[in-house]
Amino acid sequence: MISSFTKRHRKEKWFRRLGLASLFLALLFLGSIFGEIIYKGYPAFFRTVIARESGQISLLNPHARYHLSEAQEWIIASDDVDMYYKHGYVGKQTPTQIQTIEDLKKQGQIRLVFNTAFFTHSDSREPELAGIWGALIGSLLTLFITFLTAFPLGIGAALYLEEFASKTRFIHWIEANINNLAAVPSILFGLLGLVLFIHFMGLPRPSALVGGLTLGLMSLPVIVVTTRAALSSVPTALKEAALGLGATPLQVLFHHVLPTALPGMMTGVILSLARALGETAPLLMIGMVAFIGTPPSSFLDPTTVLPVQIFNWSRSPEMGFVENTSGAILILLFILVLLNGIAIFIRKRFES
Amino acid sequence: MFKKELKIKALGLFIYFMFLAQPVQAKLPLRIVGSSAVFPFAATVGEHFSHKTHEPIPLIEALGTGAGIKLFCGGLNGPDGVITSRPFTLGEKEKCEIQGIKFEEFKIGQDGLIFVRSKREPPFLLTLQDLTQALAEKIPQNGTCIKNQYKMWDEIKKSFPSSLIRILGPAPTSGTYDILVEKIIGSCGPYLRHDGAYIEAPANENLIIQKVLNSPHTIGIVTFSFYVQNNTRLQAFSIDGVIPSFASIQEGKYPLSRPLYLYIKTNDLIAFPALTAYVLEFISMDAIGERGYLSEKGLIPLSPQDQEMMQKRAQHLKQMEAS
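All figures in this text were calculated on a predicted structure; none of them were measured in a lab. (Residues numbered from 1 in each chain as written. Chains lettered and ligands numbered in written order. Predicted model: local features only at pLDDT ≥ 70, side-chain atom pairs only at ≥ 80, totals over all residues. Heavy atoms only, no water.)

Caption draft 1: Structural context of the environment of A:Tyr42. Residues and elements named next belong to chain A. Inspection of the secondary structure puts Tyr42 in the loop between α1 (2-41) and β1 (46-51). According to the relative accessible area criterion, Tyr42 is partly exposed, its value standing at 45%. Discounting chain neighbours no more than four positions away, the residues touching Tyr42 are Ile37 and Leu330. (Helix = DSSP H or I, 4+ residues; strand = E, 2+ residues; numbered from the N terminus. Buried < 20%, exposed > 50% of the residue type's maximum accessible area, 1.4 Å probe, protein only. Contact = heavy atoms within 4.5 Å.)

Caption draft 2: Structural view of the interface of chain A and chain B. Contacts between the two partners involve 36 residues from chain A, matched on the other side by 39 residues from chain B. In this assembly, chain A packs against chain B so that about 3,400 Å² is buried in total across both faces, 57% of it on carbon and sulfur atoms. One can count 3 salt bridges joining chain A with chain B. Measuring nitrogen to oxygen at the nearest pair gives 3.2 Å for the salt bridge that ties A:Glu126 to B:Lys297. Of the residues assigned to the side of chain A that touches chain B, the class counts are 17 nonpolar, 10 polar and 9 charged. (Buried area = accessible area lost by both parts, 1.4 Å probe. Salt bridge = Lys/Arg side-chain N within 4 Å of Asp/Glu carboxyl O. Nonpolar A, V, L, I, M, F, W, Y, C, P; charged D, E, K, R; others polar.)

Caption draft 3: Main features of the pattern of salt bridges. All names here are of chain A. If you walk through the whole model with that rule in mind, you get 25 salt bridges over all chains. Glu323 is paired through a salt bridge with Arg47; the nearest N and O atoms lie 3.4 Å apart. Within this pair, whereas Glu323 is found in helix α13 (residues 320-351), its partner Arg47 is found in strand β1, the two being separated by 276 residues in sequence. Where Glu162 meets Arg228, a salt bridge forms, and the shortest distance between an N and an O atom there is 2.9 Å. Linking Glu162 in helix α5 (residues 133-164) with Arg228 in helix α8 (residues 208-232), this pair joins segments that are 66 residues apart in sequence.

Caption draft 4: Structural context of the environment of A:Val257. All names here are of chain A. Here Val257 is to be found in helix α10 (residues 249-277). For the pair formed by Val257 and Ala229, sequence separation is 28 residues and the distance between their alpha carbons is 12 Å. What Val257 contacts, discounting residues up to four positions off in sequence, is Glu163, Leu231, Val234, Lys239 and Val252.

Caption draft 5: Layout of the packing of aromatic side chains. The final tally for this structure, using the stated rule, is 24 aromatic pairs over all chains. For the ring pair A:Phe144 and A:Phe299, a centre distance of 6.0 Å and an interplane angle of 20 degrees mean the geometry is stacked. Here A:Phe144 is found in helix α5, whereas its partner A:Phe299 is found in the loop between α11 (281-285) and α12 (306-314), with 155 residues between them in sequence. A residue is classified by how much of its surface remains accessible, and A:Phe144, at 36% relative accessible area, is partly exposed. Geometrically, the ring pair formed by B:Phe88 and B:Phe103 is tilted, given 5.1 Å between the ring centres and 50 degrees between the ring planes. (Phe/Tyr/Trp six-rings, centres within 6.5 Å; stacked < 30°, edge-to-face > 60°.)

In structure tokens, the structure reads:
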């Protein structure tokens, strides 16, 4: 009897320990990933600049010669100088160039400043001049289109399926399909977008419109599923009470069901938009991998988005792009954390 | 009421963005597609071109040589130019002609395939034949083709180190793989090994470099521009006794080199003066000269004769545009 008791308790103890261990392991993984990204990425937020009066044109960035007439006291150095000043990488620089940099150091004509260009410039092939502005605008435009397509369609479909549709075989078939679609790999939506929007409808290729519509298709099933879950969690007693007091089904829906289900619905929408924001695969399928050096000014302009720019940078040979890549990942993570934070805030706000 | 007005305004703003903003927009940028090996150079030229002419920065897509040519020759409203790591084949030329597309070829420089490994490990001398023994799926022996059985380097030659053959290189979809097969695979079929000695890496050379640096006895195949940018950490193997360098590739001594090309559509040069300007920038001394900004990036300049020929060809374009 006693031995069985201790056995059962020992089992429980072990189970708890295992749970704790897996939690720590997960945290360790997450921590090491974040640690590496932050460690590699934070230098991207600082840039080496050289005083204009030093006259060392060969150490400046390759585009500096087009702006020499502008009155700037400090000019961004070339990526090689940047790498040497920050990390001590000699790269392909000659000993005389290294000596010049050391001399500049002694004279105080070279220093690190906060890298505003990283936020105000668009993509460039020069890592010291490349920034995320164009990609950020592209992401916003694309997300706007995604929202416009996925939100009304998704909510509408979910409302109909949950509240009005009679439970026929056809409706069951559609429900099963939507649930399956929510689990389909995102690259297939890229293929769908390629065929539907580019080949069939002939919309301009690397544009926010096509990207947004494709991501909209991708988010649609997820929004339908989460919205339906939120709607079905509304207590039946609430609906029946309203119906019993003489409200029409439409009134019940808009006065009682929707306000109660709203936090859940909003969370679903925001999370699926956050997923769309971080998505690369379907956009690669519809050709949004182009090098685009200017921010888009409309929905039909050539556009790139933040994750695709990260993908492009990670394939670039220059050492400077390694830290740029991690820097851009940090920005993307920050935006995603922000969106998730908003989702949590909305849920808490409406629940109380 | 107020809410409704706001909604209508928002809708109006949206429609404005989508349609009215279009005519206001400046000139459309040039569109260049093609090889990912030429992509960094084409984009760099694009930026300098934009600074000099105040035209918008061209849109450049790295789709791969084959896919790029397919788009270029697919129709008259396709891209304005295509960058390739090999010349057009006869079939591709024919396809372009059927569509009524006239084009001009520009050789813009050379590239080399470099076998690299970490600086920490001693190098050994490789020949093309050794590479065939190490990489081909089937190798000739006594007049017939047999499956490649070499596992260790010292099985190929006694002087080689006794470590596993592990080579990371491009996947079959890339133009680089085609060149590799063309240059080093012998008479026994155009395939590289599939038994783990050759590892296909996705089109990301930084990944290959990371792997080479982190795992011992691993050799990577990268293009010259990646080698140049990372030569503090990597060392290159000499092939047939030739060390890869600017000079040896330019002179054609290094066996694993290939030319890079830019093709442009010449159908409506008059309507697109920017295209001629872009080509002129691409083959200017400022770009592909010995100390040009592209050689900084790892493009190996053309020989002086080739360069002169390309200059003449571009001047001819300019005359076509004027007439």
